[in-house]
Amino acid sequence: MIDTSQLMVSVSGVRGRVGEGLTPEVISHFAAAFGAYVLRRGPGKTVVIGRDSRVSGPMFVRAATAALQSVGCDVVDVGISATPGVQLAVEDLGAAGGLAVTASHNPIEWNALKFIGPTGMFLDAEEGAEMRAFLDGEIPRAGWRDLGGRTEDDGAVQRHLDRILAIPFLDVERIRERRFHVALDCVRGAGGTIFPRLLEALGCTVDAVNLETDGLFPREPEPVAENLGELEALVRRTGATVGFATDPDVDRLSLVSEEGRAIGEDYTLALAARLVLAHRPGPVVTNLSTSRLLDDVAEAAGVPLVRAPVGEINVARRMQMERATVGGEGNGGVILPDVHLTRDAPVAAALVLQLLAESDRPLSALAAEIGRYEIVKEKVARPRQPLDAVYEALAARFPDAEADRQDGLRLSWHGERKWAHLRPSGTEPIVRVICEAPTRDEAASLVETLRAALPE
Ligand code: MG
């Protein structure tokens, strides 16, 4: 039996600290179960595998590859790759599924497996439950005649680039003519495989740090503003037009303005959406915890904004349903269906450069035009009552707010341009409260109001 007590297991992946819970045996068990699941579903028996740059990556790729072969899957290894690049490879090769060996923005001691279905999207709750049957039961192994094979594919990055450069409203010549000066920080993650090539194709002059793909992250790898001091200094020193920072698996993009200030990840999706909606007005989808900046962008474009439960796959599925033209998450994860239904940092960077090319104003001014909000986050002790009853009581207590019960409770006051989202933690006996309002005082006072209204 596999001990999962030290692991974080979700429908679309398994994550843990290397050596403490996350071992080759664990990776092998999950990969074999995934392989058995995709073989039953098809189409075919090919599984794409790729990884970010973490030191533990090659070891886990070998364990996962052996496990996939043992159930009869043919493995195509794309090497160090952006997670969206692995997902695109699944689509391009018509594979039955894919595995990304990456712990995304988590610190250096973590690694993880993420499960990708034949569409190139992560497994959703239903698919994850189907796979669960193999995890908990007997995994059918192949005999010697039926073991899977293994090949390497070094074309994934080029195909990913080709797809981005073919975005219908991306005017490559117009961007190239501007000869943008870009500062870049890939945190020694997988971004070094694609970002320099993308920026070169778009005619940019690049000053970069941390392009090595050795996984020795020189700082906390999450691209939140407080981790981007080196990139801010690089922008100031070189006079760059914009700074791009990505996380180790290259699905989140964070921006530094020409003033050398990290403007916060919420602006990535807001700015990208503004550009996309100018060319293709249509519904926008994001999660319940994403900034109101996006409501303002959607409102200005005269299109609806639809909110889905937190989790990339929930946003992506909802985008399919709504036929959204753009969507994503406030953490810098932009999803453009023209390329594929997953967060993609190189796509986001191309959209931001197109926005700059269409404007004569700098990034700081474009961000300021959208607006500004303050978010305050707080943890409160989980009430003893069932949470459903707590949510009912809160919704009744604030009848002037619109209540959304898809994922915890979200209360929004459109006229006052503020909202609150309450969700239980999956790992601690607490409820997380996130509030956003035009000023910090208003957001903090909303947190206090909700805290006071919560039963013991
Ligand atoms: Mg990531």
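All values reported here derive from a predicted model rather than from experimental measurement.

A. Region of interest: the sheet that holds strand β10 (residues 205-209). With respect to topology, four strands assemble into an open sheet ordered β10-β9-β11-β12, the strand pairing being mixed. Since the sheet does not close on itself, it has two edges, and those belong to β10 and β12 (253-256), each with one partner. Averaged over neighbouring strand pairs, the angle between their axes works out to 25 degrees when direction is ignored. In this sheet, β10 lies alongside strand β9 (residues 181-185) in parallel orientation, the contact comprising five bridges. Note that in β10 the partner of Val-182 across the bridge is Val-206. Docked against the sheet, helix α8 (residues 229-238) engages β9, β10, β11 (242-246) and β12, running at close to 160 degrees with respect to β9.

B. Representation of the side chain of Asp-247. Mapped onto the fold, Asp-247 is located in the loop between β11 and β12. Salt bridges are absent for the buried Asp-247, whose nearest opposite-charge side chain, Arg-252, sits at 5.0 Å. Reaching out from Asp-247, the side chain makes a polar contact with the side chain of Ser-104 at a distance of 3.2 Å. At 3.3 Å, the side chain of Asp-247 forms a polar contact with the backbone nitrogen of Arg-252.

C. The coordination of the magnesium ion, seen in detail. At the metal site, the magnesium ion is ligated by Ser-104 (OG), Asp-247 (OD), Asp-249 (OD) and Asp-251 (OD), and these contacts range over 2.0 to 2.1 Å. Mapped onto the sequence, the residues coordinating the magnesium ion show the spacing S-x142-D-x1-D-x1-D. Asp-251 matches Asp-247 in its accessibility class, with the two residues each being buried.

D. Inspection of a negative patch on the surface at higher detail. A surface patch of like charges, here negative, comprises Asp-171, Glu-173, Glu-177 and Glu-358. You can see Glu-177 is positioned in helix α6 (residues 172-178).

E. How the structure looks around the nonpolar core. The biggest cluster of nonpolar side chains holds 62 residues, and the ones touching the most others in it are Phe-195, Leu-202, Phe-244, Leu-271, Leu-351 and Leu-353. Residue contributions to this core peak at 11 residues, all from helix α12 (residues 345-357). In this structure, Val-26, Phe-34, Ala-36 and Val-61 belong to the second largest nonpolar core, which totals 34 residues.

F. Summary view of the sheet that holds strand β17 (residues 374-381). The strand order across the open sheet formed by five strands is β17-β21-β20-β19-β18, and the pairing between neighbours is antiparallel. Two strands bound the open sheet, and with one partner strand each, they are β17 and β18 (402-404). With strand direction ignored, the average angle separating the axes of adjacent strands in the sheet is 15 degrees. Pairing of β18 with strand β19 (residues 409-413) involves three bridges; the strand directions are antiparallel. Counted as the bridge partner of Asp-404 is Arg-410 from β19. Sheet contacts for helix α14 (residues 387-397): β18, β19, β20 (418-424) and β21 (430-437); angle to β20, the most-contacted strand, approximately 165 degrees. Packed on one face of the sheet, helix α15 (residues 440-453) meets β17, β19, β20 and β21 and runs near 20 degrees to β17.

G. Quick peek at the layout of surface pockets. Taken as a whole, the second largest pocket encloses approximately 320 Å³ of empty space. Elements that contribute at least two residues to the lining of the second largest pocket include exactly α10 (293-301), β14 (305-308), β18, β19 and β20. Across the lining of the second largest pocket, the residue classes tally to six nonpolar, three polar and nine charged. Shared between two domains, the lining of the second largest pocket takes at least three residues from each, and those domains are domain 2 (160-370) and domain 3 (374-453).

H. Here's a closer look at the domain arrangement of the protein chain. Domain assignment breaks the protein chain into domain 1 (8-154), domain 2 (160-370) and domain 3 (374-453). Domain 1 and domain 2 are separated by 27 Å when their C-alpha centres are compared. On the domain 2 side, the residues contacting the 25 residues of domain 1 number 31 residues. Contact between domain 1 and domain 2 buries roughly 2300 Å² in total, counting both sides, with carbon and sulfur atoms accounting for 61%. Here domain 1 and domain 2 share four salt bridges between them. Residue Arg-317 pairs with Glu-127 through a salt bridge whose shortest N-O separation is 3.4 Å. At the boundary of domain 1 and domain 2, one finds 11 residue pairs in polar contact (both at pLDDT 80 or more). The element best represented in the side of domain 1 that touches domain 2 is helix α3 (residues 83-92), accounting for seven residues. By residue class, the composition of the side of domain 1 that touches domain 2 is 10 nonpolar, nine polar and six charged.

Cut-offs and rules
- Residues numbered from 1 in each chain as written.
- Predicted model: local features only at pLDDT ≥ 70, side-chain atom pairs only at ≥ 80, totals over all residues.
- Heavy atoms only, no water.
- Pairing = 2+ DSSP bridges.
- Helix = DSSP H or I, 4+ residues; strand = E, 2+ residues; numbered from the N terminus.
- Axes fitted to C-alpha atoms, helices over the stretch in contact; angles between N-to-C directions.
- Contact = heavy atoms within 4.5 Å.
- Buried < 20%, exposed > 50% of the residue type's maximum accessible area, 1.4 Å probe, protein only.
- Lys, Arg positive; Asp, Glu negative; His and termini not counted.
- Salt bridge = Lys/Arg side-chain N within 4 Å of Asp/Glu carboxyl O.
- Polar contact = N/O pair within 3.5 Å; in protein donor to acceptor, adjacent residues only side chain to side chain.
- Donors = N, O, S within 2.8 Å, 3.2 Å for Na, K, Ca; no water.
- Patch = residues over 30% accessible without salt bridge, like charges linked within 9 Å, V, L, I, M, F, W, Y side chains within 5 Å.
- Areas by Shrake-Rupley, 256 points an atom, 1.4 Å probe, with all protein chains shown as cover.
- Charge placed at Lys NZ, Arg CZ, Asp CG, Glu CD.
- Core = buried A, V, L, I, M, F, W, Y, C linked by side-chain atoms within 4.5 Å.
- 1 Å grid on protein atoms, 1.4 Å probe; cavity = no way out; pocket = protein on both sides within 12 Å on 5 of 7 lines; lining within 4 Å.
- Points joined across faces, edges and corners; volume = space filled by probe spheres on them.
- Nonpolar A, V, L, I, M, F, W, Y, C, P; charged D, E, K, R; others polar.
- Domains from an automatic or database assignment.
- Buried area = accessible area lost by both parts, 1.4 Å probe.

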